[in-house]
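Fold and geometry: a report
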Amino acid sequence: QVQLVESGGGLVQPGGSLRLSCAVSGSISRINAMGWYRQAPGKQRELVTTITSRGSTNYAESVKGRFTISRDNAKNTVYLQMNSLKAEDTAVYYCNIRVGELDYAYWGQGTQVTVSS
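Residues numbered from 1 in each chain as written. Predicted model: local features only at pLDDT ≥ 70, side-chain atom pairs only at ≥ 80, totals over all residues. Heavy atoms only, no water.

1. Structural notes on the pairing of strand E11 (residues 111-115)
Going residue by residue along E11, you find Thr 111, Val 113 and Val 115 tucked away on one face and Gln 112 and Thr 114 left uncovered on the opposite face. Sheet topology note: the strand E2 (residues 10-12)/E11 ladder contains three bridges and is parallel. Residue pairing for E11: Val 12 is matched across the bridge by Val 115. (Buried < 20%, exposed > 50% of the residue type's maximum accessible area, 1.4 Å probe, protein only. Helix = DSSP H or I, 4+ residues; strand = E, 2+ residues; numbered from the N terminus. Pairing = 2+ DSSP bridges.)

Structural data, given as structure tokens:
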């Protein structure tokens with residue numbers, strides 16, 4: 001059974017930083033891509049960033065230059081370094097992976113990030 005366990009969320013002041021982690025466990029043939037999505041209250045879930053197995057990255061325009069995704073393939077872990085946080089970054093952040101030939105998606109349980117003074 002595949003499990004994604006996120007950590008690192010919390011309360012931070014505007015301009016501050018947080019680092020999210022997502023550890024993947026279970027029997028997985030191949031992780032094609034790993035990423036982060038977020039969902040703010042009353043809004044749809046949106047893509048934040050992804051990283052492929054080869055290290056290619058993609059970012060939402062709203063986080064470019066402030067957020068950095070990285071992955072440790074040996075540990076099956078993906079990280080999200082968030083700097084210069086803004087109030088509008090407040091959301092539940094979800095880890096996502098796509099695996100195998102069918103690119104099947106798995107989701108974490110979500111971790112709350114609140115940016116407030």
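2. Thoughts on unusual backbone geometry
Generally, phi is negative for residues other than glycine and the peptide bonds are trans, each holding for most cases. Phi at Asn 76 is positive, roughly 50 degrees, even though this residue is not glycine. One can find Asn 76 in the loop between strand E7 (67-72) and strand E8 (77-82). Even without being glycine, Ser 84 reaches a positive phi, approximately 50 degrees. Counting through the fold element by element, Ser 84 comes out in the loop between E8 and strand E9 (91-99).

3. Considerations on the nonpolar core
In terms of nonpolar packing, the biggest core is built from 29 residues, with Trp 36, Met 82 and Tyr 93 touching the most fellow members. Contributions of two or more residues to this core are made by strand E3 (18-25), strand E4 (31-39), strand E5 (46-52), E7, E8, E9 and E11. Top contributing element to this core by residue count: E9, with five residues. Non-local contacts of Met 82, meaning those with residues more than four positions away in its chain, are made with Gly 16, Ser 17, Leu 18, Leu 20, Arg 66, Phe 67, Tyr 93 and Val 113. (Core = buried A, V, L, I, M, F, W, Y, C linked by side-chain atoms within 4.5 Å. Contact = heavy atoms within 4.5 Å.)

4. Notes on the environment of Ser 7
Counting through the fold element by element, Ser 7 comes out in strand E1 (residues 3-7). Here Ser 7 falls in the partly exposed class, since its relative accessible area comes to 37%. A C-alpha to C-alpha distance of 12 Å links Ser 7 and Trp 36, two positions 29 residues apart in sequence. When near neighbours in sequence (up to four residues on either side) are disregarded, Ser 7 contacts Arg 19, Leu 20 and Ser 21.

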